[in-house]
Amino acid sequence: MAAGTVTVADPPKTHSLQKLRSAASACRACPLWRTGTQTVFGEGGAHSPLLVVGEQPGDREDIEGHPFVGPAGRLLDRALEATGVPRDEVYITNAVKHFKWEPRGKRRLHKTPAQREIEACLPWLEAELAAVEPRVILCMGATAARAVMGGKVRVTETRGQPLTSPLGKEVVITIHPAYILRLRTGVEEAFAQFVSDVGKAARLAGF
Ligand code: URA
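About the cut-offs
- Residues numbered from 1 in each chain as written.
- Predicted model: local features only at pLDDT ≥ 70, side-chain atom pairs only at ≥ 80, totals over all residues.
- Heavy atoms only, no water.
- Helix = DSSP H or I, 4+ residues; strand = E, 2+ residues; numbered from the N terminus.
- Rg over C-alpha atoms; globule rule 2.2 N^0.38 Å.
- Buried < 20%, exposed > 50% of the residue type's maximum accessible area, 1.4 Å probe, protein only.
- Contact = heavy atoms within 4.5 Å.
- Areas by Shrake-Rupley, 256 points an atom, 1.4 Å probe, with all protein chains shown as cover.
- Lys, Arg positive; Asp, Glu negative; His and termini not counted.
- Charge placed at Lys NZ, Arg CZ, Asp CG, Glu CD.
- Core = buried A, V, L, I, M, F, W, Y, C linked by side-chain atoms within 4.5 Å.
- Salt bridge = Lys/Arg side-chain N within 4 Å of Asp/Glu carboxyl O.
- Phe/Tyr/Trp six-rings, centres within 6.5 Å; stacked < 30°, edge-to-face > 60°.
- Lys NZ or Arg CZ within 6 Å of the ring centre and 35° of its normal.

Engineer: Lay out the overall build of the chain in plain terms, naming residues and giving numbers.
Structural biologist: Along the chain, the regular secondary structure elements total eight helices and eight strands. Since a compact globule built from 207 residues should have a radius of gyration of about 17 Å, the 16 Å found for the chain is in line with a globular shape. Each principal axis of the C-alpha atoms in the chain carries an extent, and together these give about 45 × 40 × 30 Å. In the chain, buried positions account for 51% of the 207 residues. Contacts in the chain between residues far apart in sequence, at least 24 positions, make up 72% of those at least 6 positions apart. By element, 51% of the accessible surface of the chain is carried by carbon and sulfur atoms, the whole surface being about 10100 Å². One way to put it: in the chain the 27 positive side-chain charges average out to a point 5 Å from where the 22 negative ones average out.

Engineer: Help me get a handle on the nonpolar core, residues and values and all.
Structural biologist: Inside soluble globular proteins, nonpolar side chains tend to come together where they are buried. Counting residues in hydrophobic clusters, the biggest one holds 60 residues, and the most contacted among them are Leu50 and Phe194. With 10 residues, helix α4 (residues 115–132) is the single largest residue contributor to this core. Ignoring anything within four residues of it in the chain, the contact list for Leu50 reads Val90, Tyr91, Pro134, Val136, Leu138, Ala201, Ala202, Ala205 and Phe207.

Engineer: How would you sum up the pattern of salt bridges? Please name residues and give values.
Structural biologist: A side chain with one charge can pair with a side chain of the opposite charge if their charged atoms come near. Inspection of every chain in the model, using the stated rule, returns nine salt bridges. Note that Asp62 is salt-bridged to Arg108, the shortest N-O span being 2.9 Å. Of the two residues, Asp62 sits in helix α2 (residues 59–64) while Arg108 sits in strand β5 (residues 107–110), which places them 46 residues apart along the sequence. The buried category is assigned to Asp62, whose relative accessible area is 0%. Here Arg104 ties to Glu102 by a salt bridge, and the two come within 3.7 Å at their closest N and O atoms. Classification of Glu102 as partly exposed rests on a relative accessible area of 29%. Salt bridges sharing common partners tie together Asp59, Asp62 and Arg108.

Engineer: Run through the packing of aromatic side chains, naming residues and quoting values.
Structural biologist: Tallied over the full model, the rule gives one aromatic pair. Arranged with centres 6.2 Å apart and planes meeting at 85 degrees, the rings of Phe41 and Trp124 form a pair that is edge-to-face. With a gap of 83 residues between them, Phe41 in the loop between α1 (17–24) and β1 (43–44) and Trp124 in helix α4 connect regions that are remote in the sequence. For Arg28, the ring lying beneath its charged end belongs to Trp33, and the centroid distance is 3.9 Å. Across from the ring centre of Trp101, 5.2 Å away, lies the NZ or CZ of Arg108, which sits over that ring.

Engineer: Please set out the environment of Val172 residue by residue, giving values where relevant.
Structural biologist: Take Val172: it is sitting in strand β8 (residues 170–174). Accessibility expressed as a relative area gives 1% for Val172, which makes it buried. For the pair Val172 and Leu204, spaced 32 residues apart in sequence, the C-alpha to C-alpha distance is 9.1 Å. Setting aside chain neighbours within four positions, we find Val172 in contact with Val136, Ile137, Leu138, Cys139, Gly160, Gln161, Asp197, Ala201 and Leu204.

Engineer: Account for the environment of Thr164, with residues named and values stated.
Structural biologist: Checked against the element boundaries, Thr164 lands in strand β7 (residues 163–164). Judged by relative accessible area, Thr164 falls into the exposed class, the value being 58%. Along the sequence, Thr164 and Lys200 sit 36 residues apart, while their C-alpha atoms lie 14 Å from each other. Sequence-distant contacts of Thr164, that is, excluding residues within four places in its chain, are made with Met149 and Lys169.

What follows is the structure, given as structure tokens:
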């Protein structure tokens, strides 16, 4: 495939998360595989009633190969703990499964994925949904909401309300935990509201 070419992922027709993970590790549907260390597939409760979607793996996730293991993940852990939901009973994934970044000195700075990259990766998320069959999807941030709702969504206007996705699932949208990490003021309030949204999704899912 020529550099920069974007196609759409073509997962195998299976509900085995192990087979899907293995196939996704060789995905070349968009060019992000060239600069990402590895595909970071979802993980957690294989038949969880709650499936959490983030944007894309960050720097730590890209290195370790697991979703939400960096600073944003620690905040998600705290929110799950506050709502009494064990992390390993939730399925956690991302809309885009490679880390998109640009160099800044020695650092790798996060870049927001483009719509075509979200679309290229969507079949993996659909395959995870078909395998896990959650009752509720919790979308964290605009990229996750866009992937799951099939178009642009205003997170601040829709957060915390039960919605229905064209993918046929109940959805709760909230902010991305990385947003809280960037705040200089109002951190406690923002975290409390995040916990409240996570709690709504968890209760809808039956936790
Ligand atoms: N941010 C995300 O959206 N996903 C991760 O896995 C980590 C940080």
